[in-house]
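Observations on the model geometry
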Amino acid sequence: MLAEELWLENDKPCSAVHRSKKGRKHQELLALALGMKLGGRSAVLWQPLKLFAYSQISSLVRRAAISKNDNHCNYEKAHNFKVHTFRGPHWCEYCANFMWGLIAQGVRCSDCGLNVHKQCSKYVPNDCQPDLKRIKKVYSCDLTTLVKAHNTTRPMVVDICIQEIEDRGLKSEGLYRVSGFTEHIEDVKMAFDRDGDKADISSTTYPDINIITGALKLYFRDLPIPVITYDAYCKFIEAAKMSNAEERLEAIHEALMLLPPAHYETLRFLMIHLKKVTQNEKDNLMGAENLGIVFGPTLMRPPEENALTSLNDMRYQKQIVQLLIQNEDILF
């Protein structure tokens, strides 16, 4: 990361004196940018301000990339190739050579329809542009696939549900903890799958706000790859186990940088929303800890399905979400 290169010491072998001077220079530059003087009373505030500045610079880099993609959603996405039997003559769209054989001549991307040889699929760049005609549902659809197909920065189901919840439910007691009727939640799910962003989830149709919160949680649970991806899961759990608060936040921030852009943006937007929920805790009785209990297992799952691992990790999952909510302005 650019920010990391700016502030972290060079890993290449060098003398202790050189490293010390280099680290001192970085600290002096950062202190100058923050309008501080090293030493004295400022030393007490140095570590938290250093973390804040480092996180803000990293976040600016990530947000600049997201902002650049806002209009066209140019998130990188790998093709979802599956073995396919073609009827009639077909040519590979990568190497332009004929696909020989009577069955299973090649593979086809189920998201965009690209047809290539199985061997050629290893070399195709991650430039899949999903076709809405091929995306049959909203729930249980890969997050990046959905946002690219609908040309949005986040899944529209997240935007629509959160907007509805903030419009009429922030003061509702037990928000996200109290469950709505399962049949009505399934109705909302089918409405999104059928109508997309035209789905009607207004108070006229669903007066109980817990149905909308239930539908949002169900969307996250149904994702084939969780918002906090399997690849980043271990990094988050390791961060939660750290005893030093500053190091723990730094590790969480580094883990956030491992998330694909669409996952990062979705998580950021959700944490901003959950922070608003905690600001109404006097009415809804839902603080960051309670929300962590609800959303921990919803947003992150261990790569391997193991009941014992899931049980052992539950407290760390809760802690991660709690810290993300409490430090949303610093971590994102």
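This text gives an overview of the structure that appears in the document.

Calculation notes
- Residues numbered from 1 in each chain as written.
- Predicted model: local features only at pLDDT ≥ 70, side-chain atom pairs only at ≥ 80, totals over all residues.
- Heavy atoms only, no water.
- Helix = DSSP H or I, 4+ residues; strand = E, 2+ residues; numbered from the N terminus.
- Areas by Shrake-Rupley, 256 points an atom, 1.4 Å probe, with all protein chains shown as cover.
- Salt bridge = Lys/Arg side-chain N within 4 Å of Asp/Glu carboxyl O.
- Buried < 20%, exposed > 50% of the residue type's maximum accessible area, 1.4 Å probe, protein only.
- Expected span 1.5 Å × (residues − 1).
- Polar contact = N/O pair within 3.5 Å; in protein donor to acceptor, adjacent residues only side chain to side chain.
- Axes fitted to C-alpha atoms, helices over the stretch in contact; angles between N-to-C directions.
- Parallel < 35°, antiparallel > 145°, perpendicular 65-115°, else oblique.
- Contact = heavy atoms within 4.5 Å.
- Nonpolar A, V, L, I, M, F, W, Y, C, P; charged D, E, K, R; others polar.
- Pairing = 2+ DSSP bridges.

The helix and strand inventory of the chain stands at 14 helices and three strands. Counting every atom, the chain has about 17,900 Å² of accessible surface; 52% of that belongs to carbon and sulfur.

What follows is about the pattern of salt bridges. One pass over the full model with this rule turns up 12 salt bridges. Across the salt bridge formed by lysine 198 and aspartate 197, the nearest N and O atoms sit 3.4 Å from each other. Where lysine 318 meets glutamate 289, a salt bridge forms, and the shortest distance between an N and an O atom there is 3.6 Å. With a gap of 29 residues between them, lysine 318 in helix α13 (residues 307–326) and glutamate 289 in helix α12 (residues 288–299) connect regions that are remote in the sequence. Its relative accessible area of 22% is what places lysine 318 among the partly exposed residues.

With 12 residues, helix α9 (residues 245–256) extends 17 Å from end C-alpha to end C-alpha; this agrees with the ideal 16 Å at 1.5 Å per step. Of all the residues in α9, the buried ones are Arg248, Leu249, Ala251, Ile252, His253, Ala255 and Leu256. Regarding α9, its N-cap is asparagine 244, as a side-chain oxygen of that residue lies 3.0 Å from the backbone nitrogen of glutamate 246 further along.

Relative to each other, helix α5 (residues 156–168) and helix α10 (residues 261–278) sit at 10°, their axes nearing to 11 Å. Between α5 and α10, the angle falls in the class roughly parallel. On the side of α5, the interface is formed by Val158, Asp159, Ile162, Ile165 and Glu166, while α10 contributes Thr266, Phe269, Leu270, His273 and Lys276. Here the contact of α5 with α10 is built from residues that sort into five nonpolar, two polar and three charged.

Time to look at the sheet that holds strand β2 (residues 106–109). Spatial strand order, β1-β2-β3: three strands in an open sheet with antiparallel pairing. Of all strands in the sheet, those bounded by a partner on one side alone are β1 (81–84) and β3 (115–116). Two strands pair when backbone bridges link them, and β2 and β3 are joined in this way by two bridges, in the antiparallel orientation. Opposite arginine 108, over in β3, you have asparagine 115 as the bridge partner.

In this section: the side chain of threonine 266. Residue placement: threonine 266 occurs in helix α10. Relative accessible area serves as the criterion here: at 1%, threonine 266 is assigned to the buried category. The residues touching threonine 266, leaving out its near neighbours within four places in the chain, are Leu143, Arg154, Pro155, Val158 and Phe220.

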